Number of protein chains: 2
Amino acid sequence: MATIEDVAKLAGLSRSTVSRVINNHPYVTEKKRQLVYDAMRQLEYHPNSSAQRLRTQKTNTIAVLVPRLTNPFFPLLVEGLEEVAVENGFQLLICQTQANEEKELSFLHMLTTKQVDGLIFTSIENEWSTVEPYMQSGPMVLCNEYRSDVNVSIVRLDQVKGSYLGAQYLIDKGHQAIAYCGATTSELGRDREKGFIQALAEAGLSLKKEWYFDNLYSIDCGKRVLRNILEMDPNDRPTAVFTGSDEVAAGIMKEARQKGLSIPKDLAVIGFDDQPIAELLEPSLTTIRQPTKDMGRQTMEVMLSMLTNEQKKHPYERKVVELPIELIKRESV
Amino acid sequence: MATIEDVAKLAGLSRSTVSRVINNHPYVTEKKRQLVYDAMRQLEYHPNSSAQRLRTQKTNTIAVLVPRLTNPFFPLLVEGLEEVAVENGFQLLICQTQANEEKELSFLHMLTTKQVDGLIFTSIENEWSTVEPYMQSGPMVLCNEYRSDVNVSIVRLDQVKGSYLGAQYLIDKGHQAIAYCGATTSELGRDREKGFIQALAEAGLSLKKEWYFDNLYSIDCGKRVLRNILEMDPNDRPTAVFTGSDEVAAGIMKEARQKGLSIPKDLAVIGFDDQPIAELLEPSLTTIRQPTKDMGRQTMEVMLSMLTNEQKKHPYERKVVELPIELIKRESV
DNA sequence: TTGAAAGCGCTAACAA
DNA sequence: TTGTTAGCGCTTTCAA
């Protein structure tokens, strides 16, 4: 492999001049610039990325932590993140945590080893107290999932409103017995619960403990929920289910059909996300639309502004962005 | 940030000894090893990744080129690739080409700039002649898509058999008028076409030009196909469609319902991939199952063996792995 | 078993 | 406008 030294020799110039050409610096005469280009081409020279990183202390890479890419929500988010990153000369390092605390920690490590310039969480597995120390190694932004009581930049949705809209719609459609699929472990999950309960309360209803399903995320989880519902007393079981994701909703619907239930007649189902699958299901899925890709774009913009401010030696400024969320009415309710 | 020098000083030892401890070399007394560990902990020292890379000329990172992550086939493939990579201390750099030639080229570049140790294609956008020169910069493996006439390692499926099975099944079910959604641009696409035509030929049938839809990949593409079919003469139009992906099949089915067609009565549909969505559709989708995740695992194993052989200064040995493919019968045919 | 020293390939401050 | 020079932080001979 040719090095900058080889190019300099061949061009009859110094390494500095070659470096200036590589980095598009001013104050290089056109003639010498050409000399350098010729030499680079002749030697098939390409600057060594590790050397550049070591010297500049920058990687132009941003880590994005996602639980798993097989959940279609995240590829969409990544698409938004990546668009803005690439527009600004940055690269993404996509890290699947598999919802595993240790894996997440190992990725956080990349910030301290200077393998990445910044890090974006789209979900958080560890306690914030164990994450926080890593903030001194580089900028972090929370996207989607959040912690409102800590000093970190956040781009998120109004989850309270999301579930409120869903519950209200079910109630408007005459449902009184509504099951809930949620997650108690995250603030996002607790906010959704808040909105859901609020809508119920305004209608004089409350959430039954036995109708609360916790910690669900997959199609199979959804199927299990449906089977659980079927095991309940037929005279006292939910007529509608609010779910935390289109996957779970799809699982419920699939299993319902399997068991001979008709949707929405026997059971109304409402999803969350508005993934492509929502429209394809039969009946098509009523769901809460998240502006996923836009959330990605905005997150990356916050991250890049932090990286830029950092260069100006300004302290990081906390930004909180909240994006709108809406109900998409289809046929499953 | 603490450096190795700081650790050495605090421990009262040399940089070399600290380095040996970091890299688990033998010949360090337990006592000094502890001294080093203590110093590292005290200083919160973490080796700088760029420096290690520059010095060792290794990144322990492998680039994986995918067209886009929003096609669920690829996250599944990546999962397999990543499992094996992580098991062996390697990291994945996932690169979305957006099916764009220039983007692909820019990622190939990472091999020459030593940003990655090896590169895996899951689809190829450029001519092989423009890709080939990059092989001298590091090992490459083709996964899923392939070029049988070039000297590169490949892990792939028997595509001829895949489409043969699908076509044969449709014919067995009594279909004579079968539309085909394919791709002429890749060898994979041409092989599928081969198998399809072969099955037809054995039944004394042939593929109508007007029933050939080229270059389709998304749900919307599928919808368009269905509309095209409906514009045909009702007395001379396909009774079945063979598609190149579950997405396209889903689009066709969705639009068919929209237009009042019943599946499979009015139109039989067969997919390709067996993604989660295949089972969820109504009716559920008959499709060709690809052992996607396993294909990923095997690909990474080939890549790692090349990386290892490289260290032994052996020339790369071309490996070709072909995985089985099967027909999953459901309700859409 | 340990340390000294060289150098991976690059950028940037400084001098000219 | 260009070149000289000093490292960035690490690993790895080589010698002790």
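What this report covers is the structure whose coordinates are included nearby. For clarity, every value in this text was computed on a predicted model and none was experimentally measured.

1. Thoughts on the sheet that holds strand E2 (residues 91-96) of chain B
All names here are of chain B. If you trace the six strands from one edge of the open sheet to the other, you get E2-E1-E3-E4-E5-E11, paired in parallel fashion. Lying at the two open borders of the sheet, with one neighbouring strand each, are E2 and strand E11 (320-323). Direction aside, the axes of adjacent strands within the sheet are offset by 15 degrees on average. When strand E4 (residues 140-143) meets strand E5 (residues 153-157), the two strands line up parallel, connected through three bridges. By the bridge assignment for E5, Cys143 is matched with Val155.

2. Comments concerning the packing of helix H1 (residues 4-11) of chain A against helix H3 (residues 30-43) of chain A
Residue and element names in this part refer to chain A. Where H1 contacts H3, the two axes come as close as 9 Å, and the packing angle between them is 125 degrees. The orientation of H1 relative to H3 falls into the category oblique. Relative to H3, the crossing made by H1 is right-handed. Between H1 and H3, the contacting residues are Asp6, Val7, Leu10 and Ala11 on the first element and Leu35, Val36, Ala39, Met40, Gln42 and Leu43 on the second. Tallied by class, the residues present in the contact of H1 with H3 amount to eight nonpolar, one polar and one charged.

3. Observations regarding the pattern of salt bridges
Residue and element names in this part refer to chain A. One pass over the full model with this rule turns up 40 salt bridges over all chains. One salt bridge in this structure joins Lys194 and Asp191, with 3.4 Å as the shortest N-O distance. Of this pair, Lys194 and Asp191 both sit in helix H9 (residues 187-202), three residues apart, which is roughly one turn of that helix. By relative accessible area, Asp191 is classed as buried at 8%.

4. Some remarks on the interface of chain B and chain A
Taken together, the 45 residues of chain B in the interface contact 45 residues of chain A. With both sides pooled, the region where chain B packs onto chain A buries about 4000 Å², and carbon together with sulfur makes up 55% of that total. Looking only at chain B, the three residues that lose the most surface to chain A are Ser50, Leu280 and Glu282 of chain B, adding up to 14% of its buried area. Linking chain B to chain A there are four salt bridges. Between Arg257 of chain A and Glu282 of chain B there is a salt bridge, with the nearest N and O atoms lying 2.4 Å from each other. Counting only elements with at least two residues in the side of chain B that touches chain A, the list comes to helix H4 (49-56), helix H5 (73-87), E2, helix H6 (101-112), helix H10 (219-230), helix H11 (246-258) and helix H12 (276-280) of chain B. Among the elements that make up the side of chain B that touches chain A, the one with the highest residue count is H5 of chain B (six residues).

5. Here's the deal with the protein's contact with DNA strand D
Among the 29 residues in the neighbourhood of DNA strand D, the closest are listed as Ser16 and Tyr27 of chain A together with Ile4, Arg15 and Arg55 of chain B. Within 4 Å of the protein, the contacting atoms of DNA strand D are 56% sugar and phosphate, with bases supplying the remainder. Taking Ser16 of chain A, its side chain carries an N or O atom lying 2.9 Å from a base oxygen of DNA strand D. Lys32 of chain A places a side-chain nitrogen or oxygen 3.5 Å from a phosphate oxygen of DNA strand D. Every element with two or more residues in the surface near DNA strand D is listed here: helix H2 (15-22) and helix H4 (49-56) of chain A together with helix H2 (15-22) and H4 of chain B. Across the surface near DNA strand D, the residue classes tally to eight nonpolar, 14 polar and seven charged.

6. Quick look at the nonpolar core
Counting residues in each nonpolar core, the largest one holds 97 residues, and the members touching the most others are Met300 of chain A together with Met300 of chain B. When near neighbours in sequence (up to four residues on either side) are disregarded, Met300 of chain A contacts Ile62, Leu81, Val84, Ala85, Leu92 and Ile120 of chain A. Core analysis: the next-biggest nonpolar cluster, separate from the first, contains 54 residues, Val225, Met253 and Leu280 of chain A together with Leu226 of chain B among them.

7. Notes on the pairing of strand E2 (residues 91-96) of chain A
Residues and elements named next belong to chain A. For E2, a buried count of six out of six residues is recorded, marking the element as mostly surrounded by other parts of the structure. Looking at chain direction, strand E1 (residues 61-66) and E2 are connected through six bridges and run parallel. Considered in E2, the bridge of Thr61 is made with Gln91. Following the backbone out of E1, through helix H5 (residues 73-87) and into the adjacent parallel E2, one traces a crossover that is right-handed.

8. Brief notes about the protein's contact with DNA strand C
Taken together, 28 residues lie around DNA strand C, and Ile4, Arg15, Tyr45 and Arg55 of chain A together with Tyr27 of chain B are the ones closest in. The side chain of Ser14 of chain B places a nitrogen or oxygen atom 3.0 Å from a phosphate oxygen of DNA strand C. Thr29 of chain B places a side-chain nitrogen or oxygen 2.7 Å from a phosphate oxygen of DNA strand C. Those elements that place two or more of their residues in the surface near DNA strand C are H2 and H4 of chain A together with H2 and H4 of chain B. A class-by-class count of the residues in the surface near DNA strand C yields eight nonpolar, 13 polar and seven charged.

9. Some remarks on the packing of aromatic side chains
Aromatic ring pairs are described here by two measures, namely the spacing of the ring centres and the angle between the planes. Applying the stated criterion across every chain, the model contains 12 aromatic pairs over all chains. With 4.5 Å between their ring centres and 40 degrees between their planes, Tyr180 of chain B and Phe196 of chain B make a pair best called tilted. Placement of Tyr180 of chain B in strand E6 (residues 178-182) and of Phe196 of chain B in helix H9 (residues 187-202) is noted, with a sequence separation of 16 residues between them. Phe196 of chain B sits in the buried class, given a relative accessible area of 0%. One aromatic cluster is present, formed by Tyr180, Phe196, Tyr212, Phe242 and Phe272 of chain A through successive ring pairs.

10. What about the side chain of Thr299 of chain B?
Turning to its location among the elements, Thr299 of chain B is positioned in helix H13 (residues 292-311). Those residues in contact with Thr299 of chain B that lie beyond four places of it in its chain are Leu81, Ile120, Val141, Cys143 and Val155 of chain B.

11. Here's the deal with the environment of Cys143 of chain A
Residue and element names in this part refer to chain A. For Cys143, the location among the structural elements is in strand E4 (residues 140-143). In sequence terms Cys143 and Ile94 are 49 residues apart; their C-alpha atoms lie 14 Å from each other. In contact with Cys143, other than residues within four places in its own chain, are Leu77, Ile120, Phe121, Thr122, Val155, Met295 and Thr299.

12. Considerations on the environment of Asp172 of chain A
Secondary-structure assignment places Asp172 of chain A in helix H8 (residues 159-172). Sequence separation of Asp172 of chain A and Ala203 of chain A is 31 residues, and the distance between their C-alpha atoms is 9.5 Å.

Procedures and definitions
Residues numbered from 1 in each chain as written. Chains lettered and ligands numbered in written order. Predicted model: local features only at pLDDT ≥ 70, side-chain atom pairs only at ≥ 80, totals over all residues. Heavy atoms only, no water. Pairing = 2+ DSSP bridges. Helix = DSSP H or I, 4+ residues; strand = E, 2+ residues; numbered from the N terminus. Axes fitted to C-alpha atoms, helices over the stretch in contact; angles between N-to-C directions. Parallel < 35°, antiparallel > 145°, perpendicular 65-115°, else oblique. Left-handed = near helix turned anticlockwise from the far one by under 90°. Contact = heavy atoms within 4.5 Å. Nonpolar A, V, L, I, M, F, W, Y, C, P; charged D, E, K, R; others polar. Salt bridge = Lys/Arg side-chain N within 4 Å of Asp/Glu carboxyl O. Buried < 20%, exposed > 50% of the residue type's maximum accessible area, 1.4 Å probe, protein only. Buried area = accessible area lost by both parts, 1.4 Å probe. Near = heavy atom within 4 Å. Polar contact = N/O pair within 3.5 Å; in protein donor to acceptor, adjacent residues only side chain to side chain. Core = buried A, V, L, I, M, F, W, Y, C linked by side-chain atoms within 4.5 Å. Right-handed = clockwise from strand over helix to strand, strands pointing away. Phe/Tyr/Trp six-rings, centres within 6.5 Å; stacked < 30°, edge-to-face > 60°.

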